[in-house]
Amino acid sequence: MTKHKNSDTALRRSAARLAAIQATYQIILTSAPVGAVINDFMTGAIGGEVIEEDLDLETEDVVPLVELHAEIFAVLVRGVHASATRLDAIIDGSLGASWDPARLQPLLRALLRCGIYELSDRLDMPARACISEYVDIARSFFDGAEPGMVNAMMDKLARQLRSEEMNAVHKPRSDGNNDGTI
């Protein structure tokens, strides 16, 4: 497989993760049926494009987003929804004693549900790459301490669930592509 195709696949997987967080957020807020939300994303009724503004030129353009990896997206959304109670127990148990779980923003909860689901149930996804992806997504949504919270919570969980993988010495890939993408 060429480097270009690897990059395209990684981008599609990243897009699937972002869309899964957005779909999970929508389900949390609206209690919409999972199948309907997945269908809305897959048909382009939700997501698919954004408006890009150029403030200097005072213009707006509609720009298509990277096509998401449909299978990963659907598996994540369905899996997160089916495991929501278990995932919320992990999230709530990981919060400090002085932190009321009800204070956790729905978007942050959606992000953590998706990330923790991948760490616990998608063992085919490398733990370090998974953590990195979700921390990067958190940085795109939050300016405060939230990305650090995502990193700490997911790293701690990865060390519990995947101790052998997390304790292994990280070796560069033989093909020279050591960007951590999956």
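Residues numbered from 1 in each chain as written. Predicted model: local features only at pLDDT ≥ 70, side-chain atom pairs only at ≥ 80, totals over all residues. Heavy atoms only, no water.

1. Digging into the overall build of the protein chain
Our working definition: Helix and strand assignments come from DSSP, with helices taken as H or I runs of at least 4 residues and strands as E runs of at least 2, each series counted from the N terminus. Exposure classes here rest on a 1.4 Å probe applied to the protein chains alone. A residue is buried below 20% of its type maximum, exposed above 50%, and partly exposed in between. Contact definition: two residues touch when any of their heavy atoms are within 4.5 Å.
The helix and strand tally for the protein chain stands at eight helices and two strands. Beginning at the N terminus, the succession of helices and strands in the protein chain can be written as α-α-β-β-α-α-α-α-α-α. Counting every position in the protein chain, which comprises 182 residues, the buried fraction comes to 37%. Considering only contacts within the protein chain whose residues lie at least 6 apart along the sequence, 68% involve residues at least 24 apart.

2. What to know about the packing of aromatic side chains
Heads up, the condition is: Centre distance within 6.5 Å is the pairing criterion for rings of Phe, Tyr and Trp, where only the six-membered ring of Trp is used; planes under 30 degrees apart are then read as stacked, over 60 as edge-to-face, and the remainder as tilted.
Applying the stated rule across the entire model yields one aromatic pair. Aromatic pair Phe41 and Phe73: ring centres 5.4 Å apart, planes at 45°, arrangement tilted. Here Phe41, found in helix α2 (residues 34-42), pairs with Phe73, found in helix α3 (residues 70-82); they are 32 residues apart in sequence, far enough to count as distant. Each member of the pair, Phe41 as well as Phe73, carries the same accessibility label: buried.

3. Some remarks on the side chain of His69
Relative to the helices and strands, His69 resides in the loop between β2 (59-64) and α3. Residue classification places His69 among the buried positions, given a relative accessible area of 16%. Not counting chain neighbours up to four residues away, the residues in contact with His69 comprise Arg12, Arg13 and Ala16.

4. What about the pattern of salt bridges?
Under the convention used in this document: Counted as salt bridges are all cases of a side-chain nitrogen of Lys or Arg within 4 Å of a carboxyl oxygen of Asp or Glu.
For the structure shown, the criterion picks out ten salt bridges. In this structure, the salt-bridge partner of Arg109 is Asp92, at a minimum N-O distance of 3.0 Å. Taken together, the positions of Arg109 in helix α5 (residues 106-121) and Asp92 in helix α4 (residues 84-94) put the pair 17 residues apart, joining distant regions of the chain. Taking relative accessible area as the criterion, Asp92 reaches 29% and is therefore assigned partly exposed. Overlapping salt bridges bring together Asp88, Asp92, Arg109 and Arg113 as one network.

5. Digging into the packing of α5 against helix α7 (residues 146-161)
For clarity, the threshold we go by: Helix axes are fitted to C-alpha atoms over the stretch in contact, other axes to C-alpha atoms as well, and angles between N-to-C directions run from 0 to 180 degrees. In these notes the angle categories are as follows: under 35 degrees is roughly parallel, over 145 is roughly antiparallel, 65 to 115 is roughly perpendicular, and the rest is oblique. Handedness of a helix crossing follows the sense of rotation of the near helix relative to the far helix, less than a right angle counterclockwise being left-handed and clockwise being right-handed.
Running from N to C, α5 and α7 point in directions that differ by 25°, and their axes come no closer than 10 Å. The angle between the axes of α5 and α7 places the two elements in the roughly parallel class. The hand of the α5/α7 crossing is right-handed. Across from Leu108, Leu111, Leu112, Gly115, Ile116, Leu119 and Ser120 in α5, the residues of α7 making contact are Glu146, Met149, Val150, Met153, Met154, Leu157, Ala158 and Leu161.

6. Concerning a negative patch on the surface
Note the cut-off: Patch membership requires over 30% relative accessible area and the absence of a salt bridge. Like charges are linked within 9 Å, and nonpolar side chains (Val, Leu, Ile, Met, Phe, Trp, Tyr) within 5 Å. The protein chains shown are the only cover counted for residues, whose accessible areas, like all others here, come from Shrake-Rupley with a 1.4 Å probe. Note on charges: Lys and Arg go in the positive column, Asp and Glu in the negative column, and His and the chain ends are not counted at all. Where a charge sits is defined by one atom per residue type, namely NZ (Lys), CZ (Arg), CG (Asp) or CD (Glu).
Residues Glu53, Asp54, Asp56, Glu58, Glu60 and Asp61 make up a contiguous surface patch of negative charge. Secondary-structure elements contributing two or more residues to the negative patch are β1 (49-54) and β2. Looking at Glu60, the relative accessible area reads 53%, which means it is exposed.

7. Section: the confidence of the model for the protein chain
Note the cut-off: pLDDT is a per-residue confidence score from the predictor, ranging from 0 to 100.
On average, residues of the protein chain carry a pLDDT of 84, and 82% of them reach 70 or more. The secondary-structure element of the protein chain with the lowest mean pLDDT is β1, recorded at 63, while α5 shows the highest, at 96.

8. A look at the nonpolar core
Inclusion rule: As used here, the term nonpolar core means buried Ala, Val, Leu, Ile, Met, Phe, Trp, Tyr and Cys residues forming a set that is joined through side-chain atoms within 4.5 Å.
Membership of the largest hydrophobic core comes to 47 residues, with the highest contact counts inside it found for Ile21, Phe73, Val77, Leu112, Leu119, Tyr134 and Val150. Of all elements in the fold, only α1 (3-30), α2, α3, α4, α5, α6 (127-141) and α7 reach the threshold of two or more residues within this core. The element that contributes the greatest number of residues to this core is α5, accounting for nine residues. With near-sequence residues (within four places) excluded, Ile21 lies in contact with Leu107, Ala110, Leu111, Cys114, Tyr134 and Ile137.

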